[in-house]
Number of protein chains: 6
Amino acid sequence: MREQTFLEAFSEELIPGRPVLIGCPLDATSTFRSGSAEGPRAIRLASESIESYSPFLDRDLVDFPFCDFGDLPSSGGAVDLYLERLRREVLRVVRQGALPLIIGGEHTVTLPAVRALRHFHPELVVLHVDAHSDLRERYEGSFVNHATVIRRVADLVGPQGLIQLGIRAGTREEYRWMRANSTLLQWEPGDEARLLRRIGPRPVYLTLDLDVLDPACLTGTGNPEAGGWFYEDMERLYRATDRMNLVAADVVELSPGLDPSGASSVTAAKIVRELLLILGNGDR
Amino acid sequence: MREQTFLEAFSEELIPGRPVLIGCPLDATSTFRSGSAEGPRAIRLASESIESYSPFLDRDLVDFPFCDFGDLPSSGGAVDLYLERLRREVLRVVRQGALPLIIGGEHTVTLPAVRALRHFHPELVVLHVDAHSDLRERYEGSFVNHATVIRRVADLVGPQGLIQLGIRAGTREEYRWMRANSTLLQWEPGDEARLLRRIGPRPVYLTLDLDVLDPACLTGTGNPEAGGWFYEDMERLYRATDRMNLVAADVVELSPGLDPSGASSVTAAKIVRELLLILGNGDR
Amino acid sequence: MREQTFLEAFSEELIPGRPVLIGCPLDATSTFRSGSAEGPRAIRLASESIESYSPFLDRDLVDFPFCDFGDLPSSGGAVDLYLERLRREVLRVVRQGALPLIIGGEHTVTLPAVRALRHFHPELVVLHVDAHSDLRERYEGSFVNHATVIRRVADLVGPQGLIQLGIRAGTREEYRWMRANSTLLQWEPGDEARLLRRIGPRPVYLTLDLDVLDPACLTGTGNPEAGGWFYEDMERLYRATDRMNLVAADVVELSPGLDPSGASSVTAAKIVRELLLILGNGDR
Amino acid sequence: MREQTFLEAFSEELIPGRPVLIGCPLDATSTFRSGSAEGPRAIRLASESIESYSPFLDRDLVDFPFCDFGDLPSSGGAVDLYLERLRREVLRVVRQGALPLIIGGEHTVTLPAVRALRHFHPELVVLHVDAHSDLRERYEGSFVNHATVIRRVADLVGPQGLIQLGIRAGTREEYRWMRANSTLLQWEPGDEARLLRRIGPRPVYLTLDLDVLDPACLTGTGNPEAGGWFYEDMERLYRATDRMNLVAADVVELSPGLDPSGASSVTAAKIVRELLLILGNGDR
Amino acid sequence: MREQTFLEAFSEELIPGRPVLIGCPLDATSTFRSGSAEGPRAIRLASESIESYSPFLDRDLVDFPFCDFGDLPSSGGAVDLYLERLRREVLRVVRQGALPLIIGGEHTVTLPAVRALRHFHPELVVLHVDAHSDLRERYEGSFVNHATVIRRVADLVGPQGLIQLGIRAGTREEYRWMRANSTLLQWEPGDEARLLRRIGPRPVYLTLDLDVLDPACLTGTGNPEAGGWFYEDMERLYRATDRMNLVAADVVELSPGLDPSGASSVTAAKIVRELLLILGNGDR
Amino acid sequence: MREQTFLEAFSEELIPGRPVLIGCPLDATSTFRSGSAEGPRAIRLASESIESYSPFLDRDLVDFPFCDFGDLPSSGGAVDLYLERLRREVLRVVRQGALPLIIGGEHTVTLPAVRALRHFHPELVVLHVDAHSDLRERYEGSFVNHATVIRRVADLVGPQGLIQLGIRAGTREEYRWMRANSTLLQWEPGDEARLLRRIGPRPVYLTLDLDVLDPACLTGTGNPEAGGWFYEDMERLYRATDRMNLVAADVVELSPGLDPSGASSVTAAKIVRELLLILGNGDR
């Protein structure tokens, strides 16, 4: 069966130096409410309702070719196998010079992606944008899941390779860890310069958990947390990442079934469009 | 069958010099998601849950009589016929000195309404408040539909007779047209004076596509677009239009079925109440 | 943008002698609740959850190639134009020996399809399966819409070329017409033979309004009518049409947004699969 | 504000000898899920989508005038006051020779209605059609509520004045009471004659809790109970009541918000239409 | 049956000096849309998805024991009886030194709670946070319901014992009353000091109608009113109440069924957690 | 946190010889639509709305004590670990003479349960009631998931230890396997005797995938398949299993989020109640 692609995807074949969209409909470790497996499909479908032109960036996807690989096929419940396959896929993509943009699915996909990227970019900084710190050492007897994924990432890149924005929920222990390691930055208007200074010329992996947005802006996510970002905070993030050496990104935790209006999926599609335009911008 | 009216509608008969509500349940040209045909009914039903008194304007509809005509009956799919009937209806209403407030339905209804108003007000300014520019020259082989309607309006009133607020989506061509013709104004706090100066004493037709509001504020619309207005931006619009020579208005693109909570319809009803109080305010 | 196809569609190019799926996302003349424009997309998406093998027919779509044309593009609200384009498309398809299966969208699409088919099959019988008679002479000032479409079809094929099943709602005048013309047959177990006798060897166009199913079986339709068919009545229809000279068909009036569970779309996809297997069965 | 009426309601003024529709949006004693207060409004709105002609009865409401009183206004939470006002209203209606058809709202409204009817018809039989027996002596410290209402009715008319159909849930005590008093009859095809014999020429009050229908047929009700009636069982009830001396009826417990498809409300509207045609049939 | 508790509730038995959660699933007097009876259950269920630690307050519920009484059982529709039972329950709780936090349910529960508190705190100030003034003298013939409850509270504590925040809807008469009695304060950043001065050392009862939040932030409430608070306004309220002598509180009017995403319930659970941490903070 | 139990659960401690409810909120291998992890919670919550007395069986749960263990805690995404923990839990339960009734969650849980039961009952027959055959040899590279689970069960108990009812979907290969092994029986009225003869005195494990019910009866499941059972077919199953040596059972694949009316959960709760009454019936 032929499946839908995102907006004006140029091809299904990888284009060196260009962004490549990889769908990861994984939703295996959620504990409160599931549904993120529908994310990639919903984002592609919602892309029908948005333009290829971004007034904010004044760029048009027709000038920034990218490819859409479709979804990494399910491994029938074998999560470890799935994550390993994703790691290899990202390795293959980066080896050919392309820039992966992963759309989830649950947050766990960040770990194999970072692992693959680190192979090429030992100085990689992970910019973690999320409502939740995801820093548990262990969760329900498992070391790799949506609640521990950023702690595992920190094991790889070190606390100094991790920067967090938007966090507003966690256990007391997670907050102690963030304070001890100074990973959590503020994101009020004006904080952009500090972020850019801290990162410098290092290559950046952006992991964007959509629940960083306030539930007002995006209700279709499994763990809504009041007091979050509005879309203008996201626009400040676009502007900042556009000035970084962004080499890969993921956009995770859309649960479209929780938002019957479909607006969450349209907003996620718009965010994906902006990130494709930022990743694909050769001037960087 | 007797149908419901909006709030304390004084009569179904036209009252000279007073606002008249005309429902237009047209939803024929939508391309992504339909549902706006339910708009007029949902707004009338939701009006049950709001008061006739507006604390913001400190006016009460009991002091500002208006009439509710009900809905312009469907033409069974013949869109041209429908638009022509609406044009005649608006002509008839304005000829008797009443002030039409159209509730949609899709945005296409603006064209026949402006055509009728222009007959009486050759200097008419159209104030277009929307997330989308709706300025395509042609869309899917047709010249008159929800994506071209404001371009057709500009054909009538000229670019100098068009002012746009809230636009944040369009094709590159539409943005070029807006820049070339300077139709798009900013709407930050403080921009009100500039808008009023630009309009001056000219008669104003306000066309309000509800998707100008951020999806956070109004999820029940077919083409949600993140990064939009919050209700306080709407309140600044009330204050500004209250100082204009407003002669007619429309409120379009509510798709109530997309918001199961019903809150979008209640917000639309509140906006209609405020516009009735502004249109009906004899001091203007 | 690449769009999804139905199940194992062999190609997008027409295959002579084989069924061809044509999506018609038209929803322009509905008067109570809209939403059928989403039908074709929802059916293709739901086809992901069903098998290509039908235990009931003991046939597998992998042995019965068909093509999926995608959707006839919108004409931006110009209904007449849309219907005329559909007529030409069906003409073109039939001229090449293919067997059209139209998925709606609203019921009005039946008229241009029958018009095109009559060109090749002057003896065409229209088998109309529906909860509503759709036999009004005129509806809200228009002659061609979802409430008059079968009357227009009868104008083409004559009452003797029309057979109706499942009807359980209509005006008194429509019931008088059906009684006068003996178009409405019963569909209890055992009625199959009478239907086959009445049709004989004549070529058959099947128009299936999904609301013939009881709202229990299919809630996602704009005009649900209690007291309808259960799926076993549909299975008896499969068995009967499999013995007819079926040359074309349509499946209309799915409004997926009205059924948040998605079950209606899955049922519609299953019905489309069975009809593809019946149309594609060379033994007929 | 003017509110909507049911179908072709002839007037808001009572017509002697004719049915009168009284809405009772009471929803005060529900314990699991509320929402039946929306019932009357949803039934009137859904009546837009059905015809005034009933093929099943071969009668048209245009020949059977009735009036629609609108809703008995809320008493702001004072349930006793509300029930007392309903009793007086029904008294007033019956005194003028009209035939009340109450649409709920919760089941408790049956008690004051029966109380009023008994005043004129000492031999009144109550025909109770429901999934639940509603026969508790007392429920959560209260004697009058949705779980005790039929026991209170039995206190008035005696067990011999009560006949129950469709019951499939209750406590062991309630089932013992039903067995001891032989109030529960079967309702398989063929059971109609026994019911008619048991009632004889006595005047009948029909109380129809919509949850007698299987949840497949009507999901919009607070206490769904699998294993219930299908619409054909309801048609057998129409045929039977059409041969009784039916003097009043109620249709209760529609919770439209629980069925986002709206099909439950359309089915309820169809049932109300059939009962209006049965009540209004002068040949009885 | 064992029912769920809120987060890490220490016990079901009252702990002197500690907060006690009392659920009041009352929803008897609503006039537009019901559903608040589901509130307490939805808040407890949603508490599964939040942490016991509040980063905003830097306190953890594991250090602030509280008890969860469960729900005050229904009185089967007898509202007066229910309110009286609540009054006695609150009396009993306060007599033992505990701090009640009531979760509704409809707003009417505030009256018996204030009545009980006044017994111990004659100087009680009621801090009323709401979108609606709830100050009608009488509503639909009744003196005690959701639309009059704060007027009845004012009868008890006097206008000088009432302070209102967030109000943006009411009748003209209610607005006159608020202006005459200066009960309505502004709540812009910086207004906190004025509020604290006005209250001084007096004991405070906080009644929080969740519809004070903008519908963007909380769609799951029966009477949404645009132009409301965002979560940061709530955080300023936490900070202010943390410096008051808060002795009891209620959180009312969550209608979880209106928000299918569940985000409203999660936000309500977060608010309840913060209020438990404020009530339970011994330093106050 | 204290969690809710099913109906009148006697204790959380195992009672020898009595049924024990074990929730398995596992939803890791679904490929079309997820959501079954919410199943156990939804069933317990819905049990509030049903009685402890079953009129069909004329038994009351108050006479048939059972215990509710709550849910087997998540293993944070490690599916193999989860299934192994379930196997040990079932072993422990059966060792003490109790009768496990597992509520899912996805169908995969059947495998470890059967594995544990086989330890005690080498002659175990598995009665598989489902719309789908679940007999794939392998699915998306994995051997143990919802699409292969019954094939794995057949590997354990042999084709002669497997009996299937209700199957109406599968691949051609699965159908060939069923025909070759004669595992699929018909389930029309009258087929009960044949089933009982085929099983004889052997101990029985019943695995009930709720999608065996027609989507009309239960919309809240991930893979609805038209043409299924109605509730009366389920009642015939109760009657038959009541005459078997039933030693354990599972009820899987409820996805409550897909049915916003909640009726699916109530029906599932009713089925669980009947199975508890059948398992707990000492006369067997």
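Residues numbered from 1 in each chain as written. Chains lettered and ligands numbered in written order. Predicted model: local features only at pLDDT ≥ 70, side-chain atom pairs only at ≥ 80, totals over all residues. Heavy atoms only, no water.

**Brief notes about the sheet that holds strand 9 (residues 203-209) of chain C**
Residue and element names in this part refer to chain C.
At step 1: The strand order across the open sheet built from 8 strands is 4-1-5-10-9-6-7-8, with neighbouring strands paired in parallel fashion. At either margin of the open sheet sits one strand with a lone partner, and together these are strand 4 (67-71) and strand 8 (184-185).
At step 2: Docked against the sheet, helix 6 (residues 192-199) engages strand 6 (125-129), strand 7 (162-165), strand 8 and strand 9, running at close to 165° with respect to strand 7. (Pairing = 2+ DSSP bridges. Helix = DSSP H or I, 4+ residues; strand = E, 2+ residues; numbered from the N terminus. Contact = heavy atoms within 4.5 Å. Axes fitted to C-alpha atoms, helices over the stretch in contact; angles between N-to-C directions.)

**Comments concerning the packing of helix 3 (residues 110-120) of chain D against helix 4 (residues 149-157) of chain D**
All names here are of chain D.
At step 1: Orientation of helix 3 relative to helix 4, taken along the N-to-C sense of each, is 15°, at an axis distance of 9 Å. With respect to their mutual orientation, helix 3 and helix 4 come out roughly parallel. Crossing geometry of helix 3 relative to helix 4 is assigned as right-handed. Contacts from Thr-110, Leu-111, Val-114, Arg-115 and Arg-118 of helix 3 reach helix 4 at Val-149, Arg-152, Val-153, Leu-156 and Val-157.
At step 2: Considered class by class, the residues forming the contact of helix 3 with helix 4 number 6 nonpolar, 1 polar and 3 charged. (Parallel < 35°, antiparallel > 145°, perpendicular 65-115°, else oblique. Left-handed = near helix turned anticlockwise from the far one by under 90°. Nonpolar A, V, L, I, M, F, W, Y, C, P; charged D, E, K, R; others polar.)

**A word on the sheet that holds strand 5 (residues 99-104) of chain B**
All names here are of chain B.
At step 1: Spatially, the 8 strands line up as an open sheet ordered 4-1-5-10-9-6-7-8, and their pairing is parallel. With one partner strand each, in any of the chains shown, strand 4 (67-71) and strand 8 (184-185) form the two edges of the open sheet.
At step 2: As judged from the 3 bridges shared by strand 5 and strand 10 (residues 245-252), these two strands associate in the parallel manner. Paired with Leu-101 across the strands is Ala-249, a residue of strand 10.

**Let's talk about the pairing of strand 1 (residues 19-24) of chain F**
All names here are of chain F.
At step 1: Here strand 1 lies mainly inside the structure; 6 of its 6 residues are buried.
At step 2: Of the two faces of strand 1, the one lined by Pro-19, Leu-21 and Gly-23 and the one lined by Val-20, Ile-22 and Cys-24 are each fully buried.
At step 3: As paired elements, strand 1 and strand 5 (residues 99-104) share 6 bridges and run parallel to each other. Paired with Pro-19 across the two strands is Leu-99, which belongs to strand 5. (Buried < 20%, exposed > 50% of the residue type's maximum accessible area, 1.4 Å probe, protein only.)

**Re the pattern of salt bridges**
At step 1: Under the definition given, this model contains 117 salt bridges over all chains.
At step 2: For Arg-41 of chain D, the salt bridge is made with Glu-48 of chain B, and the minimal N-O distance between the two is 2.7 Å. With one member in each of two chains, Arg-41 of chain D in helix 1 (residues 39-46) and Glu-48 of chain B in the loop between helix 1 (39-46) and strand 2 (53-54) form a pair that bridges those chains.
At step 3: Judged by relative accessible area, Glu-48 of chain B falls into the partly exposed class, the value being 25%.
At step 4: Three or more residues are tied together by salt bridges with common partners; here these are Glu-137, Arg-151, Arg-152 and Asp-155 of chain A. (Salt bridge = Lys/Arg side-chain N within 4 Å of Asp/Glu carboxyl O.)

**So, unusual backbone geometry**
At step 1: With an omega dihedral of 10°, the bond running from Gly-104 of chain A to Gly-105 of chain A counts as a cis peptide bond.
At step 2: If you trace the backbone, Gly-105 of chain A turns up in the loop between strand 5 (99-104) and helix 3 (110-120).
At step 3: Even without glycine at this site, Asp-58 of chain B takes up a positive phi of about 50°.
At step 4: By secondary structure assignment, the location of Asp-58 of chain B is in the loop between strand 2 and strand 3 (59-60).
At step 5: In this model, Ser-182 of chain D sits at a positive phi of 50°, which is unusual for a non-glycine residue.
At step 6: Following the sequence through the fold, Ser-182 of chain D ends up in the loop between helix 5 (172-181) and strand 8 (184-185).

**Thoughts on the interface of chain B and chain A**
At step 1: Contacts between the two partners involve 21 residues from chain B and, on the opposite side, 22 residues from chain A.
At step 2: Both sides together, the interface formed by chain B and chain A hides about 1700 Å², and carbon and sulfur atoms give 59% of it.
At step 3: If you look at where chain B meets chain A, you find 4 salt bridges.
At step 4: A salt bridge links Asp-63 of chain A to Arg-172 of chain B; the nearest nitrogen and oxygen atoms lie 2.7 Å apart.
At step 5: Remark: the boundary between chain B and chain A carries 5 residue pairs in polar contact (both at pLDDT 80 or more).
At step 6: Split into classes, the residues belonging to the side of chain B that touches chain A amount to 10 nonpolar, 5 polar and 6 charged. (Buried area = accessible area lost by both parts, 1.4 Å probe. Polar contact = N/O pair within 3.5 Å; in protein donor to acceptor, adjacent residues only side chain to side chain.)

**Concerning the arrangement of the chains**
At step 1: No part of chain A reaches chain D; the closest C-alpha pair between them is 11 Å apart.
At step 2: If you take every C-alpha in chain B and every C-alpha in chain F, the smallest gap between them is 11 Å, and the two do not touch.

**What to know about the relation of the copies chain B and chain A**
Note that the two copies of the chain are related through a rotation about an axis and a translation along the same axis.
At step 1: In the superposition of chain B on chain A (RMSD 0.0 Å, axial shift 0.0 Å), the rotation amounts to 120°. These values place the two chain copies in the arrangement generated by a three-fold rotation axis. Measuring from the rotation axis to each C-alpha of chain B, the shortest distance belongs to Ala-216 of chain B, at 2.8 Å.
At step 2: Little of the interface of chain B is mirrored in chain A: 14% of its interface residues are interface residues there too. (Least-squares fit on C-alpha atoms with pLDDT ≥ 70 in both.)

**Looking at the pairing of strand 1 (residues 19-24) of chain E**
At step 1: Where strand 1 of chain E lies against strand 4 (residues 67-71) of chain E, 3 bridges are found, and the strand directions are parallel. By the bridge assignment, Gly-23 of chain E is partnered in strand 4 of chain E with Asp-71 of chain E.

**Section: helix 3 of chain D**
At step 1: Of the residues making up helix 3 of chain D, those classed as buried are Thr-110, Leu-111, Pro-112, Ala-113, Val-114, Ala-116 and Leu-117 of chain D.
At step 2: Looking at the buried side of helix 3 of chain D, the elements it contacts are helix 2 (79-95), strand 5 (99-104), strand 6 (125-129), helix 4, strand 9 (203-209) and strand 10 (245-252) of chain D.

**Observations regarding the environment of Gly-17 of chain E**
Residue and element names in this part refer to chain E.
At step 1: Here Gly-17 lies in the segment before strand 1.
At step 2: For Gly-17, a relative accessible area of 40% translates into the label partly exposed.
At step 3: The spacing of Gly-17 and His-119 is 102 residues in sequence and 17 Å in space, taken between C-alpha atoms.
At step 4: When sequence neighbours within four positions are dropped, the list of residues in contact with Gly-17 reads Gln-96, Gly-97, Ala-98 and Leu-99.

**Let's talk about the packing of helix 2 (residues 79-95) of chain C against helix 3 (residues 110-120) of chain C**
Geometry of a packed helix pair, given as the angle between the helix axes and the separation of the axes.
All names here are of chain C.
At step 1: Running from N to C, helix 2 and helix 3 cross one another at 35°; their axes reach a closest spacing of 8 Å. The chirality of how helix 2 crosses helix 3 is right-handed. Every residue of helix 3 that contacts helix 2 at Leu-83, Leu-86, Arg-87, Val-90, Leu-91, Val-94 and Arg-95 is listed here: Pro-112, Ala-113, Arg-115, Ala-116, Leu-117, His-119 and Phe-120.
At step 2: Its residues assigned to classes, the contact of helix 2 with helix 3 comprises 10 nonpolar, 1 polar and 3 charged.

**Points about the environment of Ile-22 of chain A**
At step 1: Along the chain, the position of Ile-22 of chain A falls in strand 1 (residues 19-24).
At step 2: For the pair Ile-22 of chain A and Ile-103 of chain A, spaced 81 residues apart in sequence, the C-alpha to C-alpha distance is 6.2 Å.

**Let's talk about the packing of aromatic side chains**
Residues and elements named next belong to chain E.
At step 1: Summed over all chains, the structure comprises 36 aromatic pairs over all chains.
At step 2: Aromatic pair Phe-56 and Tyr-238: ring centres 5.9 Å apart, planes at 65°, arrangement edge-to-face. Residue Phe-56 is located in the loop between strand 2 (53-54) and strand 3 (59-60), and its partner Tyr-238 is located in helix 7 (residues 231-241); the two are separated by 182 residues in the primary sequence.
At step 3: Residue Tyr-238 is classed as buried on the basis of its relative accessible area of 1%. (Phe/Tyr/Trp six-rings, centres within 6.5 Å; stacked < 30°, edge-to-face > 60°.)

**Side note on the side chain of Asp-214 of chain A**
Residue and element names in this part refer to chain A.
At step 1: Within the secondary structure, Asp-214 is located in the loop between strand 9 (203-209) and helix 7 (231-241).
At step 2: Buried charge without a salt bridge: Asp-214, with Arg-168 as the nearest opposite-charge side chain at an N-O distance of 5.4 Å.
At step 3: Residues contacting Asp-214, with those up to four places away along its chain left out, are Arg-168, Ala-226, Gly-227, Gly-228, Trp-229 and Phe-230. (Lys, Arg positive; Asp, Glu negative; His and termini not counted.)

**A word on the confidence of the model for chain A**
At step 1: Put simply, chain A has an average pLDDT of 92, and 95% of its residues get 70 or more.
At step 2: Here the complex is predicted with pTM 0.88, and the ipTM for its interfaces comes to 0.93. (pLDDT = per-residue confidence, 0-100.)

**Considerations on the state of the cysteines**
At step 1: Applying the stated criterion to the full structure yields 0 disulfides over all chains.
At step 2: Sulfur of Cys-217 of chain E: no disulfide; nearest cysteine sulfur belongs to Cys-217 of chain B and is 8.5 Å away.
At step 3: Considering cysteine sulfurs only, Cys-24 of chain F is the nearest to Cys-67 of chain F, which forms no disulfide, with 14 Å between them.
At step 4: Using a relative accessible area of 1% as the deciding quantity, one classes Cys-67 of chain F as buried. (Disulfide = S-S within 2.5 Å.)

**Brief notes about the environment of Gln-4 of chain F**
All names here are of chain F.
At step 1: With respect to the element layout, Gln-4 can be found in the segment before strand 1.
At step 2: On the accessibility criterion, Gln-4 (13% relative accessible area) is buried.
At step 3: With 174 residues separating them in the primary sequence, Gln-4 and Met-178 have C-alpha atoms 41 Å apart.
At step 4: Looking at Gln-4, its side chain comes within polar contact range of the side chain of Glu-48, at 2.6 Å.

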